[in-house]
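Here is how the chains run, residue by residue.
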Amino acid sequence: MFPALETELKLEVFPDPYENFMYRHLQYYGYFKAQRDSLPNSATHQHVRKTNPQFVLSGSSGERGDLVPHLPQKETLLWPTCLSSTLHRQIEAVSRDSFLLTSPLLKSRQLLRDEFGEAKPHLREPRHLFAFFSGSEPLLAPRWPIECEVIKDNIHHIEGVPTQPEYFYQPTGNEKVPEIVGEEKGTVVYQLDPVPSEGSYFSSSRVGGKRGMIKEVAVTLQGPEDNTLLFESRFESGNLQKAVRVDTYEYELTLRTDLYTNKHTQWFYFRVQNTRKDVTYRFTIVNFLKPKSLYTLGMKPLMYSQLDANTHNIGWRREGNEIKYYKNNTEDGQRPFYCLTWTIQFPHDQDTCFFAHFYPYTYTDLQCYLLSVANNPVQSQFCKLRSLCRSLAGNTVYLLTITNPSRTPQEAAAKKAVVLSARVHPGESNGSWVMKGFLDFILSNCPDAKLLRDMFVFKVVPMLNPDGVIVGNYRCSLAGRDLNRHYKTILKESFPCIWYTRNMIKRLLEKREVLLYCDFHGHSRKNNIFLYGCNNKNRKYWLHERVFPLMLSKNAPDKFSFHSCNFKVQKCKEGTGRVVMWRMGIRNSYTMESTFSGSTLGNKRDTHFTTEDLRSLGYHVCDTLLDFCDPDQTKFTQCLAELKELLQQEIHKKFNELDQDTDLEGSWNDISLSDIESSTSGSDSSLSDGLPVHLLNIANELNQKKMYKKKEKKPLQTRKQRNEQYQKNNNLIRELKAAKDAPERAGFAASLQKQPLFIRNSETTGSSAIKNEKPRINELNGRDKGTSLDPPKTTALIPAETKERTQREKPGFAGARSPKRRTNTSQEPAPDVKPNWARNRLPATKRGCATMAAYPSLHIYTYP
């Protein structure tokens, strides 16, 4: 463009200290990929960038010290097809030859170009500051532990819904129970490297997992007549460790345990190729750990045919015959294994098929969904997407805040909150499908959805354990522990997902009341959908925690079973999200359990659930929330009366089993509800494994520091208490001065009359003054003690006054109501009982403060 000037600049090159500093800074944090020897100067970098435009800065934080090629070649980012044209124009503009961008005097490489190639004098937005999706950036690729090999194939499934109900398998009693023969008599056709198990722990991660070439872990076919199946599971959410061929069409499969553990084998998801049509294959999974399973009740595995999806738009479907779940004849020395066997006929020759325990929903599926929400100009107005934290492997944990903009700050502050989360257990993908149904409805233009957004602030964490979802774990994170047993943890670095979730809810409770908390799970031993809750000990809200589940059962009678719900709080569940949030003050705190199988209720009796069924449940959660907060308390009162009748029946049933008298008169409601309920244990992993060995010392040190800080922390007082204390101290000072001056004046008058006796009189006066002052101080202390409030009363009165004042200031929701449906966020049936809207933001007064108020300051008066 300016050849003479450009030649002159090339002759004289000046190293730029600012650029060198920035390059080192970016390299340290993994955002710049340079060679290991040394950082070249500004001109050298420009020459490399100019002559080799395929080398650019990579936004994905891989390993340092690598020169990363152009992103589409490296495949470290997933490019949405809808954004490719705009993105490619931007990349071509950046790599174009320009004097402005190649000048060594330029101190910034953040200048943007427009569509005509002209540089714009403004900087790019910080990349991934909040992990917020925009139309100009691709999706972040998932990060894997460095021990995991990952294939480059892009696995994608369509969401087809079966046209006919898929009924349970009906056992005939003649199902074959194959004997496990293992590698001794079979041929290993697929085997992964040994995975890190108990005793090892997560160290680092990178995009793409393990370095180096991808190994061929499956057998090599000897020719077109070789009918050996080719297995693969090294993709997102995949789980299969080994496959052994024991007969021509019979295979024994071994599942991989959760990483850094030696247990939790339930979730499976793998691919088979080189299939043969009209041939009966038998698959037997040999290392399940649970003695009970839904496969004994008619549940079928899921199969997906790639050819059927491409030609007939058929997605996942339930397939399998001769299904049998039985105890294995082998064990590992500590516990027995259980087997699942089934037969299958593939629909096509040379097809690619997948098998899964349930409908997969991966981390990439979630990112694609959130990308569509972020790029929707309407939904992005009331749905704000932010990064809650980064997981242990560096994957983003997303947080959605959904609410309509309020007209005034008072209206915004009056909104209550609803908190929803899913996938704390990565193998329970049914929780993600329920969450997807909820998000589809709450983000829609439906009048009820708009009304809910006007009334509430929704905080949604759609995937709490992305690391476990990515690697194909069933229950644990990369810390090797069940996150739903560690919600009380203080180890932020080891359990970041739940630590930040609990902290977010704690800060939310300081601003507004949280009406509902619900964590979406999956259940491996019961059919239908149900809730686990917590019994409220406050008699004012007796049975209120059961109203929402009962309403939900009435809105979804063919899916939701109220009789399967349980509200007992066990000691082994104290670390779960449901119990911890209930202890924090959320009265309606639930765990929603969705079966892996299907329904035994109503029109869907003995049929498997589809993704459409689970998504519809997300809608029913919203519909039930409207019923729960309806200002017309008829439904609420009716449900309470029905609950009391059901409880009476349960009590009579319990007493009949014990052969005791059931004539309880009016005292039946004093019986502990926990005594008539069974355990809420939904799995064999209810007990916590405790912390890993390498984290025990860290936890002990943090606990000691926490206790030391608690001892040093002084009790805080409210402004009202400080003013009262200041006034008492001032009054006490004046009274003490008056008591001191009175004997001095009397002694001075006596000295004028008898001057020679001055010394003796003054000594007597001083001693008498001291004697007179001590009763006076005791009198003052006694008066202060009599007029001061007791600490419990002070703590109770201040929030009451604050709540009454705030209640008068907050407006109602009359303006936000839809003509279709009237609503109110109060769940109490009695109209004369005011809901607990406001929360006291002042710190509670400790017992030591009230007693300190009765004594004067140490610096007011001293004795010789």
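Reading guide: rules and limits
Within each chain, residues carry numbers counting from 1 in the order of the written sequence. Side-chain atom pairs in this predicted model are given and counted only at pLDDT of 80 or more, local residue features only at pLDDT of at least 70, and totals for whole chains, interfaces and linings cover all residues. With hydrogens and water set aside, each side-chain value is computed from the structure's full complement of heavy atoms. Think of it this way: any DSSP run of H or I at least four residues long counts as a helix, any run of E at least two long counts as a strand, and we number them from the N terminus. Residue contacts follow a heavy-atom distance rule, with two residues in contact if any of their heavy atoms lie within 4.5 Å. Here the accessible surface of atoms and residues is derived via Shrake-Rupley with a 1.4 Å probe, and residues count as covered only by protein chains that are part of the display. Whenever a helix is involved, its axis is fitted only over the stretch in contact; in every case the axis is a line through C-alpha atoms, and angles between N-to-C directions fall within 0 to 180 degrees. Just so you know how the angles are binned, under 35 degrees is roughly parallel, over 145 roughly antiparallel, 65 to 115 roughly perpendicular, and the rest oblique. Crossing handedness follows the turn of the near helix against the far one: under a right angle anticlockwise gives a left-handed crossing, and clockwise gives a right-handed one. Note on residue classes: Ala, Val, Leu, Ile, Met, Phe, Trp, Tyr, Cys and Pro are nonpolar, Asp, Glu, Lys and Arg are charged, and everything else, Gly too, is polar. An expected span of 1.5 Å times one less than the residue number is assigned to each helix. In this scheme, strands are said to pair when DSSP sees at least two bridges between them. The aromatic pairing rule takes the rings of Phe, Tyr and Trp, using the six-membered ring of Trp, and pairs them if the centres are within 6.5 Å, calling planes under 30 degrees apart stacked, those over 60 edge-to-face and the rest tilted. Each residue gets one of three labels from its accessible area relative to the maximum for its type: buried under 20%, exposed over 50%, partly exposed in between, using a 1.4 Å probe on protein chains only. Geometrically, a lysine NZ or arginine CZ counts as sitting over a ring once it is within 6 Å of the ring centre and also within 35 degrees of the ring normal. Side-chain atoms within 4.5 Å link the members of a nonpolar core, which is a set of buried Ala, Val, Leu, Ile, Met, Phe, Trp, Tyr and Cys residues. pLDDT gives the predictor's per-residue confidence on a scale running from 0 to 100. Note on definitions: salt bridges are taken to be side-chain nitrogens of Lys or Arg within 4 Å of carboxyl oxygens of Asp or Glu.

Observations regarding the overall build of the protein chain
Okay, step 1: Within the protein chain, the secondary structure is distributed over 23 helices and 26 strands.
Okay, step 2: Partitioning the contacts of the protein chain with sequence separation of at least 6, the portion at a separation of at least 24 is 78%.
Okay, step 3: Summed over all atoms, the accessible surface of the protein chain reaches about 43200 Å², with 53% contributed by carbon and sulfur.

Observations regarding the packing of helix α15 (residues 547–555) against helix α17 (residues 611–628)
Okay, step 1: It is at 9 Å that the axes of α15 and α17 come closest, and there the two elements cross at 125°. Here α15 is positioned oblique relative to α17, judged by the angle of their axes. When the axes of α15 and α17 are compared, the crossing they make is right-handed. Note on element contacts: α17 touches α15 through His 620, Val 621, Asp 623, Thr 624, Leu 625, Asp 627 and Phe 628, opposite Val 547, Phe 548, Met 551, Leu 552 and Asn 555.
Okay, step 2: For the contact of α15 with α17, the class distribution of residues is 7 nonpolar, 3 polar and 2 charged.

Looking at helix α18 (residues 634–657)
Okay, step 1: Counted at 1.5 Å a residue, the expected span for α18 with its 24 residues is 34 Å, and the 35 Å between its end C-alpha atoms agrees.
Okay, step 2: Where α18 is buried, its residues touch α15 and α17.

Some details on the sheet that holds strand β22 (residues 514–523)
Okay, step 1: Strand order in the open sheet made by the 7 strands is β18-β19-β21-β20-β22-β24-β23, with mixed pairing throughout. A single partner strand is all that each edge strand has here, and the edge strands are β18 (383–390) and β23 (529–532). In this sheet, neighbouring strand axes are inclined to one another by 20° on average, regardless of whether the strands run parallel or antiparallel.
Okay, step 2: The pairing of strand β20 (residues 416–422) with β22 spans 6 bridges and is classified as parallel. The partner of Ala 417 across the bridge, within β22, is Val 514.
Okay, step 3: Sheet strands touched by α17: β20, β21 (456–461), β22, β23 and β24 (589–595). Its angle to β24, the strand with the most contacts, is close to 150°.

Here's the deal with the packing of aromatic side chains
Okay, step 1: The full count for this structure, using the stated rule, is 36 aromatic pairs.
Okay, step 2: Residues Phe 231 and Phe 283 carry aromatic rings whose centres are separated by 6.4 Å and whose planes lie at 85° to one another, so their mutual orientation is edge-to-face. Highlighted residues: Phe 231 in strand β8 (residues 230–232) and Phe 283 in strand β12 (residues 280–288), separated in sequence by 52 residues.
Okay, step 3: In this structure Phe 231 comes out as buried when scored by relative accessible area, which is 2%.
Okay, step 4: Using a relative accessible area of 0% as the deciding quantity, one classes Phe 283 as buried.
Okay, step 5: A centroid spacing of 5.8 Å and a plane angle of 40° characterise the contact between Phe 283 and Trp 342, whose relative ring orientation is tilted. One end of the pair, Phe 283, is in strand β12; the other, Trp 342, is in strand β16 (residues 336–345), and 59 residues separate them in sequence. Considered together, Phe 283 and Trp 342 belong to a single accessibility category, that of buried residues.
Okay, step 6: Each residue in the set Phe 231, Tyr 249, Tyr 251, Phe 268, Phe 270, Tyr 281, Phe 283, Trp 342, Phe 346 and Phe 355 is aromatic and connected to the rest through ring pairs, giving one cluster.
Okay, step 7: Positioned above the aromatic ring of Phe 382, the side-chain terminus of Arg 453 is 3.8 Å from the ring centre.

Some points on unusual backbone geometry
A negative phi angle is the norm for most residues apart from glycine, just as the trans form is the norm for most peptide bonds.
Okay, step 1: Of note, Tyr 260 is a non-glycine position whose phi angle comes to about 65°, a positive value.
Okay, step 2: Checked against the element boundaries, Tyr 260 lands in the loop between β10 (250–254) and β11 (269–273).
Okay, step 3: According to the relative accessible area criterion, Tyr 260 is buried, its value standing at 2%.
Okay, step 4: Backbone geometry places His 264, a non-glycine residue, at a positive phi of 70°.
Okay, step 5: Its place among the elements puts His 264 in the loop between β10 and β11.
Okay, step 6: Relative accessible area serves as the criterion here: at 10%, His 264 is assigned to the buried category.

With respect to the nonpolar core
Okay, step 1: Core analysis: the biggest nonpolar cluster contains 128 residues, and Phe 231, Phe 283, Phe 346, Ile 402, Leu 439, Phe 458 and Met 592 have the highest contact counts within it.
Okay, step 2: Once residues lying within four places of it in the same chain are set aside, the contact partners of Phe 458 are Leu 400, Thr 401, Ile 402, Val 418, Phe 438, Ile 442, Leu 452, Arg 453 and Leu 625.
Okay, step 3: Within the second largest apolar cluster, 25 residues are counted, among which are Cys 389, Val 397, Cys 497 and Tyr 517.

With respect to the environment of Phe 283
Okay, step 1: Expressed as a C-alpha distance, the spacing of Phe 283 and Gly 320, which sit 37 residues apart in the sequence, is 9.9 Å.
Okay, step 2: In contact with Phe 283, other than residues within four places in its own chain, are Leu 229, Phe 231, Tyr 251, Leu 253, Leu 340, Thr 341, Trp 342, Ile 344, Phe 346 and Phe 355.

A few points about the environment of Leu 614
Okay, step 1: Inspection of the secondary structure assignment puts Leu 614 in helix α17.
Okay, step 2: The spacing of Leu 614 and Asn 430 is 184 residues in sequence and 7.1 Å in space, taken between C-alpha atoms.
Okay, step 3: Not counting the four nearest positions on each side in its chain, Leu 614 is found in contact with Phe 358, Asn 430, Trp 433, Val 434, Ile 529, Ser 594 and Phe 609.

With respect to the pairing of strand β13 (residues 302–305)
The side chains of a regular strand alternate between the sheet's two faces.
Okay, step 1: With burial as the criterion, each face of β13 is covered, one bearing Leu 302 and Tyr 304 and the other bearing Met 303 and Ser 305.
Okay, step 2: Strand direction decides the pairing type here: β13 and strand β14 (residues 317–318), joined by 2 bridges, are antiparallel. Looking at the pairing, Met 303 lines up with Arg 317 of β14.

Focus on the environment of Arg 485
Okay, step 1: Here Arg 485 lies in the loop between α13 (466–471) and α14 (496–511).
Okay, step 2: With relative accessibility at 10%, the residue Arg 485 sits in the buried group.
Okay, step 3: Taking the C-alpha atoms as reference points, Arg 485 and Cys 572, separated by 87 residues in sequence, lie 8.4 Å from one another.

Here's the deal with the sheet that holds strand β17 (residues 353–356)
Okay, step 1: The 5 strands are arranged β8-β11-β17-β13-β14 in an open sheet whose pairing can be described as antiparallel. Two strands in the sheet have a free side with no partner beyond their single neighbour: β8 and β14.
Okay, step 2: With 4 bridges joining them, β11 and β17 adopt antiparallel strand pairing. Considered in β17, the bridge of Arg 271 is made with Phe 354.

Looking at the confidence of the model for the protein chain
Okay, step 1: Per-residue pLDDT for the protein chain has a mean of 75; in total, 64% of the residues score no lower than 70.
Okay, step 2: Counting contacts from residues 127–131, a segment whose pLDDT is below 50, to residues more than four positions away or on other chains yields 13 contacts.

Side note on α17
Okay, step 1: Over its 18 residues, α17 runs 26 Å from end to end, which matches the ideal 26 Å to within 8%, given 1.5 Å per residue.
Okay, step 2: The element α17 is extensively covered by neighbouring structure, given that 14 of its 18 residues are classed as buried.

A word on the pattern of salt bridges
Okay, step 1: Counted by the stated rule, this structure contains 23 salt bridges.
Okay, step 2: As a salt-bridge pair, Lys 210 and Asp 193 come within 3.7 Å of each other at their nearest N and O atoms. Taken together, the positions of Lys 210 in the loop between β7 (205–207) and β8 and Asp 193 in the loop between β6 (187–191) and β7 put the pair 17 residues apart, joining distant regions of the chain.
Okay, step 3: On the basis of relative accessibility, which here comes to 30%, the residue Lys 210 falls in the partly exposed class.
Okay, step 4: Note that Glu 322 and Arg 282 form a salt bridge whose closest N and O atoms lie 2.7 Å from each other.

Describing the pairing of β24
Okay, step 1: The buried fraction of β24 amounts to 7 of the 7 residues, a majority that puts the element mostly inside the structure.
Okay, step 2: The side-chain alternation of β24 yields two buried faces, one formed by Ser 589, Thr 591, Glu 593 and Thr 595 and the other by Tyr 590, Met 592 and Ser 594.
Okay, step 3: Note: β22 against β24, 7 bridges, orientation parallel. Note on β24: the bridge partner recorded for Tyr 517 is Ser 589.
Okay, step 4: Of the pairings in the sheet, the one linking β23 to β24 comprises 4 bridges and is antiparallel in character. Bridging across to β24, Tyr 532 finds its partner in Thr 591.

Things to note about the side chain of Lys 559
Okay, step 1: When you line up the elements, Lys 559 lands in the loop between α15 and α16 (577–583).
Okay, step 2: Every residue in contact with Lys 559, bar those within four places of it in the chain, is listed here: Asn 528, Ile 529, Ser 599, Leu 601, Lys 604, Phe 609, Asp 613, Ser 616 and His 620.

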